[in-house]
Amino acid sequence: MSLLTKLNLPDSVCVSGGFYKIKTGHTYWFRFAEIIDDEDATLDDFDFLFDGNAPEDKREAFNALLGFYWEKKETPRATGEATSERIIDYSIDADLIYAAIMQCYGIDLCAGEVHWHKVRALIAGLTGTKFNEIMSYRCSKPGKDKMMAKLKRIWALPVKESAENRAARERFNKLLER
């Protein structure tokens, strides 16, 4: 989908052959990002994104919402260098994202809803902000550069604990309580 050739941005998703109107404002999709990171989330937790009745097929509905949230782009292309490092977290980086969009574009995200696809485009085009600086630290490969290694460590996003590790830690803590 091209922002330059569409007068009306998408406002619905196709689920089981039917179209369902969705909420497209950025605040809903920042919340969506928080929920998909929550291991305790259920497919019902995403119903708030539908503007009206949610589809019955929750799995297909979630996949359609995910497609809207993370619209695939032609570029940049994969280089084959897979990494599991996250360089952005919409919750942790919320203040930096807000400030960067305000600094670069003069857009106050608190003044009203902005279509999620527009916000993603604005984030992709950010330059010369503290947020860009921090993202560069997070994705750097510092090698022998001790200062860059320190900055990467300081600004790294927390590693998400797996359910298995959390359960093991809880079992261990119960043993200590005895």
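In what follows, the structure referred to is the one given above.
The sections below set out a description of the structure shown in this document. (Residues numbered from 1 in each chain as written. Predicted model: local features only at pLDDT ≥ 70, side-chain atom pairs only at ≥ 80, totals over all residues. Heavy atoms only, no water.)

**What to know about the overall build of the protein**
- A tally of regular secondary structure across the protein gives 7 helices and 2 strands.
- The helix and strand sequence of the protein, counted from the amino end, reads β-β-α-α-α-α-α-α-α.
- Going through the 178 residues of the protein one by one, you find that 27% of them count as buried.
- Once local pairs closer than 6 in sequence are excluded, the contacts in the protein between residues at least 24 apart make up 60%.
- Roughly 12,100 Å² of accessible area belongs to the protein as shown, and the carbon and sulfur atoms make up 54% of that amount. (Helix = DSSP H or I, 4+ residues; strand = E, 2+ residues; numbered from the N terminus. Buried < 20%, exposed > 50% of the residue type's maximum accessible area, 1.4 Å probe, protein only. Contact = heavy atoms within 4.5 Å. Areas by Shrake-Rupley, 256 points an atom, 1.4 Å probe, with all protein chains shown as cover.)

**Quick word on the pairing of strand S2 (residues 18-21)**
- Both strand S1 (residues 12-15) and S2 contribute to a ladder of 4 bridges, which runs antiparallel. Its bridge partner being in S2, Cys14 is matched across the sheet by Phe19.
- As consecutive antiparallel partners, S1 and S2 are separated by 2 residues, and within that stretch Ser16 has a phi angle of approximately 55°, a positive value. (Pairing = 2+ DSSP bridges.)

**Quick word on the packing of aromatic side chains**
- One pass over the structure, following the stated rule, counts 13 aromatic pairs.
- Here Trp29 and Tyr69 contribute two aromatic rings whose centre-to-centre distance is 6.4 Å and whose plane-to-plane angle is 20°, an arrangement assigned as stacked. Here the residue Trp29 occupies a position in helix H1 (residues 26-36), and Tyr69 occupies one in helix H2 (residues 58-69), the gap between them amounting to 40 residues.
- Residue classification places Trp29 among the buried residues on the basis of a relative accessible area of 0%.
- Tyr69 sits in the buried class, given a relative accessible area of 6%.
- A centroid spacing of 4.8 Å and a plane angle of 50° characterise the contact between Phe32 and Tyr69, whose relative ring orientation is tilted. With Phe32 in helix H1 and Tyr69 in helix H2, this pair connects stretches of sequence that are 37 residues apart. Tyr69 carries the same exposure label as Phe32, and that label is buried. (Phe/Tyr/Trp six-rings, centres within 6.5 Å; stacked < 30°, edge-to-face > 60°.)

**Regarding unusual backbone geometry**
- Phi is positive for Ser16, close to 55°, though the residue is something other than glycine.
- By the secondary structure assignment, Ser16 is in the loop between S1 and S2.

**A word on the pattern of salt bridges**
- Taken as a whole and judged by the stated rule, the model has 7 salt bridges.
- In this structure, the salt-bridge partner of Arg31 is Glu34, at a minimum N-O distance of 3.0 Å. With Arg31 and Glu34 both in helix H1, this residue pair falls 3 residues apart, about one helical turn.
- Its relative accessible area of 36% is what places Glu34 among the partly exposed residues. (Salt bridge = Lys/Arg side-chain N within 4 Å of Asp/Glu carboxyl O.)

**What about the packing of helix H5 (residues 130-138) against helix H6 (residues 146-155)?**
- Two elements in contact, H5 and H6, have axes separated by 8 Å at closest approach and are oriented at 110°. Taken together, the axes of H5 and H6 lie roughly perpendicular to each other. Mapping the contact onto sequence places Lys130, Ile134, Tyr137 and Arg138 in H5 and Met148, Leu151, Lys152 and Trp155 in H6.
- Looking at side-chain class alone, the contact of H5 with H6 contains 5 nonpolar, no polar and 3 charged residues. (Axes fitted to C-alpha atoms, helices over the stretch in contact; angles between N-to-C directions. Parallel < 35°, antiparallel > 145°, perpendicular 65-115°, else oblique. Nonpolar A, V, L, I, M, F, W, Y, C, P; charged D, E, K, R; others polar.)

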